[in-house]
Amino acid sequence: MENSTSQTPHAADGGSLRGRFSEATDEFVQVFTASIDFDQRLFREDIAGSIAHATMLETINVLTKAELDQIVAGLQTIQAEIEGGRLQWRVDLEDVHMNIEHRLIELIGDTGKKLHTGRSRNDQVATDIRLHLRSSIDGLVEQQGQLMTALADLAESNADTIMPGFTHLQAAQPITFGHHLMAWFEMLRRDRDRLLDCRKRLNQLPLGAAALAGSPYKPNRALVAELLGFDGVCENSLDAVSDRDFAIEFCAATALSLTHMSRWCEEMVLWSSQQFNFITLPDRFCTGSSIMPQKKNPDVPELIRGKTGRVNGHLIALLTLMKSQPLAYNKDNQEDKEPLFDAIDTLANCLTALIGMVPNIQANKDVMLDATLIGFTTATDLADYLVRKNVPFRDAHELVGQAVQLAVSLGKGLEELSVEELNGPGQSVIESDIYDVLTLQGSIASRDHLGGTAPSQVRKAIARARATI
Ligand code: ARG
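Note that the coordinates shown come from a computational prediction; the quantities given were computed from them, not determined experimentally. By convention here, each chain's residues receive numbers from 1 onward along its written sequence. At least 70 in pLDDT is required for a residue's local features to be given in this predicted model, at least 80 for side-chain atom pairs to be given and counted, and no such filter applies to totals for whole chains, interfaces and linings, which use all residues. With hydrogens and water excluded, all non-hydrogen atoms of the structure serve as input to the side-chain values.

**Q** What am I meant to see in the overall build of the protein chain here?
**A** When helices and strands are counted, the protein chain shows 19 helices and eight strands. The size measure is the radius of gyration over C-alpha atoms, and the globule rule it meets is 2.2 Å times the number of residues to the 0.38 power. Here the C-alpha radius of gyration of the protein chain, 31 Å, is well above what a compact globule of 469 residues would show, namely 23 Å. When the backbone C-alpha atoms are referred to their principal axes, the protein chain occupies close to 100 × 55 × 40 Å. Contacts are residue-level and defined by heavy atoms, with any inter-residue pair within 4.5 Å sufficient. If you take every contact in the protein chain between residues at least 6 apart in sequence, the share linking residues at least 24 apart comes to 76%. Throughout, the Shrake-Rupley method with a 1.4 Å probe supplies accessible areas, and for residues the shown protein chains are the sole cover considered. Accessible area of the protein chain: about 21900 Å², with a carbon and sulfur share of 53%. Runs of H or I in DSSP of at least four residues are treated as helices and runs of E of at least two as strands, each being numbered from the N terminus.

See below:
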């Protein structure tokens with residue numbers, strides 16, 4: 001879709017905006033100030049915005065019906081030309097707005113020169129970016145929904161799969177793999193909601209603000225907003241053309257989303273290593289080594305983890321871009337596009353990768369179970385048992401610590417110690433019902449409340465989660 005750009009200067013042949021100058025633009029400056037290489041991506045939004053603007057101009061008698069029809073037909077032709085790769089973008093025409101307007105004048109003559117009445121590239125570009133980000137968010141939210149479904153499915157088939165839960169990356173307490181996956185789901189749901197929230201705030205129309213002060217044609221902004229699917233219009237013309245807070249907000253939400261993904265991916269990398277071997281990743285999402293024939297590298301999760309860095313960078317770039325800018329529009333804002341576009345693409349690509357990978361993660365259930373058995377992960381359950389027998393929790397903690405020390409020295413699990421060994425010298429509070437508590441199943445089943453790891457609760461959580469997708 002990206003078309004090649006002609007870099008030949010054509011300052012004299014129209015669209016140069018240089019009526020007040022006595023010399024042509026410096027060749028370097030022309031290339032330096034142009035944005036066409038990257039803002040051509042906005043052509044659909046630019047054309048949709050122009051059609052809505054022209055439609056409104058006809059209703060306030062700036063254009064006749066015949067002129068409007070000519071402009072709309074011309075813009076549709078240009079859209080087809082761009083989609084067919086037939087429009088040669090020109091650097092001397094600076095950006096997507098000037099390129100399209102210039103082509104319109106080439107196609108339909110003087111009527112094309114009326115399109116820009118009551119409009120500036122300042123409100124035009126602000127509108128284009130908002131439209132582009134809005135449809136990008138819609139696509140991303142759709143992808144997030146697919147990933148949420150994939151996570152819920154995998155969690156459902158692992159609602160009873162026992163694994164160690166970790167703190168400090170040390171086995172801590174038994175949990176189910178389904179419960180762990182639903183933690184990822186919760187993060188993802190908030191990430192989706194942040195994008196939806198960002199969409200709400202950005203969906204206000206800048207057009208009508210013109211350069212910065214509004215336009216003397218009394219534009220019907222509500223009509224343009226309606227035609228373009230905006231919820232309302234930007235209330236202040238200076239703010240409308242100058243702020244890019246919506247782009248910053250999007251990058252912040254995206255940085256957070258990638259940060260979450262980096263955590264899941266880190267776990268996938270760890271768990272798929274020979275050392276953990278908790279999961280097997282699908283071969284088609286792994287790569288080989290150029291030298292070590294035995295290697296199966298988790299490149300995809302590693303790369304997602306790595307891509308967090310570039311999106312965090314885009315957030316900082318946009319914050320810094322906006323910092324200290326006086327009102328209203330400044331050319332600085334042209335620099336908003338590349339970070340924003342790359343953040344959109346990066347999030348979309350990471351979601352695509354995870355949507356493909358997650359349903360094919362295979363849980364190595366026996367390995368997870370063995371790892372849970374060796375980690376004294378029911379020690380807290382033993383302490384809780386003692387509390388139920390009226391031992392204060394701090395004392396219980398101490399007693400269990402001694403039992404763990406004994407088990408370590410004997411090379412046994414807690415559940416392999418006798419009642420006498422568990423009690424320690426001179427104690428008798430622990431009875432044979434302790435073995436119900438020391439099993440992994442007993443421990444997990446006892447966390448039977450909203451948000452707990454009991455399989456029945458995990459299943460309920462999954463059902464509630466599915467209703468939010
Ligand atoms: N390419 C410009 C941008 O992205 C369009 C707006 C130009 N406006 C101006 N006053 N120079 O910001």
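We are not done yet, so read on.
**Q** In this structure, what is going on with the site of the ligand? I would like to understand it.
**A** Surrounding the ligand, one finds Ser35, Asp39, Asp95, His97, Arg121, Asn122, Val125, Tyr329, Gln334 and Lys337. Take Asp95: an N or O atom from its side chain is 3.2 Å from a nitrogen atom of the ligand. The definition of a polar contact used here is a pair of N or O atoms within 3.5 Å, where within protein one atom must be able to donate a hydrogen and the other to accept one, and adjacent residues in sequence count solely through side-chain atom pairs. Contact distances for the ligand include 2.5 Å between an oxygen atom and a side-chain N or O atom of Lys337. Taking 340 Å² as the accessible area of the ligand by itself, protein coverage stands at 86%. Counting residues per element, the shell around the ligand draws most heavily on helix α6 (residues 121-156), at three residues. If a single non-hydrogen atom of a residue is within 4 Å of a molecule or strand, that residue counts as near it.

**Q** Before we go on, may I ask you to explain a negative patch on the surface in this structure?
**A** Negative charge collects at one region of the surface, where Asp37, Asp332, Glu335 and Glu338 lie side by side. Note on placement: Asp37 falls in helix α2 (residues 36-39). Within the patch definition used here, like charges are joined within 9 Å and nonpolar side chains (Val, Leu, Ile, Met, Phe, Trp, Tyr) within 5 Å, considering only residues with over 30% relative accessible area and no salt bridge. Only one rule defines a salt bridge in this text: a Lys or Arg side-chain nitrogen within 4 Å of an Asp or Glu carboxyl oxygen. The sign given to each residue is positive for Lys and Arg and negative for Asp and Glu; His and the chain ends receive no count. Charge positions come from single atoms, namely NZ of Lys, CZ of Arg, CG of Asp or CD of Glu.

**Q** When you look at the layout of surface pockets in this model, what are you seeing that I'm missing?
**A** The probe, sized like a water molecule, is rolled over the atoms to show the empty space still left. Put simply, the largest pocket is a space of about 500 Å³. Elements with a minimum of two residues in the lining of the largest pocket: α1 (27-33), α5 (96-108) and α6. Side-chain classes follow a simple rule in which Ala, Val, Leu, Ile, Met, Phe, Trp, Tyr, Cys and Pro form the nonpolar group, Asp, Glu, Lys and Arg form the charged group, and the remainder, Gly included, forms the polar group. Split into classes, the residues belonging to the lining of the largest pocket amount to nine nonpolar, eleven polar and ten charged. The volume enclosed by the second largest pocket comes to roughly 350 Å³. Residues are called lining when one of their atoms sits within 4 Å of a cavity or pocket point, these points coming from a 1 Å grid over the protein atoms alone, where a cavity is a set in which a 1.4 Å probe fits but cannot get out and a pocket is an open set with protein on both sides within 12 Å along at least five of seven lines. Around the second largest pocket sit 17 residues that line it, and Phe166, His180, Arg263, Glu267 and Trp271 are the ones nearest its centre. Listed by contribution, the elements that provide at least two residues to the lining of the second largest pocket are β3 (162-167), β4 (170-176), α7 (177-202) and α10 (245-271). By residue number, the principal contributor to the lining of the second largest pocket is α10, which donates six residues. Grid points are joined across faces, edges and corners, and a volume is the space filled by probe spheres set on the points.

**Q** Honestly, the packing of aromatic side chains in this entry has me stumped. Any pointers?
**A** Ring geometry is summarised as follows: Phe, Tyr and Trp rings, the Trp one being its six-membered ring, pair when their centres sit within 6.5 Å, and such pairs are stacked at plane angles under 30 degrees, edge-to-face over 60 and tilted between the two. One pass over the structure, following the stated rule, counts eight aromatic pairs. Judged by centre distance (5.8 Å) and plane angle (70 degrees), the ring pair of Phe177 and Trp271 falls under edge-to-face. Remark: Trp271 occurs in helix α10 and Phe177 occurs in helix α7; sequence separation between them is 94 residues. Here the two residues Phe177 and Trp271 agree in accessibility, since each one is buried. Aromatic side chains Trp184 and Trp271 sit 6.0 Å apart centroid to centroid with 10 degrees between the ring planes, which places their arrangement in the stacked category. Of the two residues, Trp184 is situated in helix α7 and Trp271 in helix α10; the sequence distance between them amounts to 87 residues. Take Trp184 and Trp271: they sit in the same class, and that class is buried. Each residue's exposure class comes from its accessible area (1.4 Å probe, protein chains only) as a fraction of the maximum for that residue type: buried when under 20%, exposed when over 50%, partly exposed otherwise.

**Q** Any chance you could explain the environment of Asn364 here in plain terms?
**A** Relative to the assigned elements, Asn364 resides in the loop between β8 (362-363) and α13 (365-373). With 203 residues separating them along the chain, Asn364 and Thr161 place their C-alpha atoms 9.3 Å apart. Dropping the residues within four chain positions of it, Asn364 is found in contact with Asn277, Phe278, Ile279 and Thr280. Only 3.2 Å separates the side chain of Asn364 from the side chain of Thr280, close enough to count as a polar contact.

**Q** Teacher, can you tell me more about the pattern of salt bridges here?
**A** Oppositely charged side chains can form a pair if their charged atoms are brought close together. Scanning all chains against the criterion turns up 29 salt bridges. The partner of Lys200 in a salt bridge is Asp197, with the nearest N and O atoms 3.6 Å apart. One end of the pair, Lys200, and the other, Asp197, are both in helix α7, three residues apart, so they sit about a helical turn from each other. A relative accessible area of 29% means that Asp197 is categorised as partly exposed. Three or more residues are tied together by salt bridges with common partners; here these are Glu94, Asp95, Arg121 and Lys331.

**Q** Sorry, what's going on with empty space enclosed by the protein here?
**A** Counted under the stated rule, the structure contains two cavities of 30 Å³ or more. Taken as a whole, the largest cavity encloses approximately 50 Å³ of empty space. In terms of lining residues, the largest cavity is bounded by Thr372, Leu373, Phe376, Thr377, Thr378, Leu414, Glu415, Leu438 and Leu440. Among the residues making up the lining of the largest cavity, the classes are represented as five nonpolar, three polar and one charged. The space that makes up the second largest cavity amounts to roughly 40 Å³. His53, Met56, Gly118, Leu205, Leu207, Gly208, Pro219, Arg221 and Val224 are the residues that line the second largest cavity. Listing elements by their share of the lining of the second largest cavity, those giving two or more residues are α3 (43-59) and α8 (221-227).

**Q** Mind showing me how you'd approach the side chain of Lys337 here?
**A** Looking at where Lys337 falls in the secondary structure, it is placed in helix α12 (residues 337-357). Polar side-chain contacts of Lys337 include one of 2.9 Å to the side chain of Asp336. Not counting the four nearest positions on each side in its chain, Lys337 is found in contact with Phe38, Asp39, Leu42, Val125 and Ile129.

**Q** Quick question: what am I supposed to make of the nonpolar core here?
**A** The nonpolar side chains of soluble globular proteins are, as a tendency, buried together. Side-chain atoms within 4.5 Å are what join buried Ala, Val, Leu, Ile, Met, Phe, Trp, Tyr and Cys residues into a set we call a nonpolar core. One finds Ile100, Phe250, Met261, Trp264, Met268, Ile279 and Leu354 to be the most contacted residues of the largest nonpolar core, which totals 102 residues. Ignoring any residue separated from it by four or fewer positions in sequence, one finds Leu354 in contact with Leu147, Met261, Trp264, Cys265, Met268, Ile304 and Pro359.

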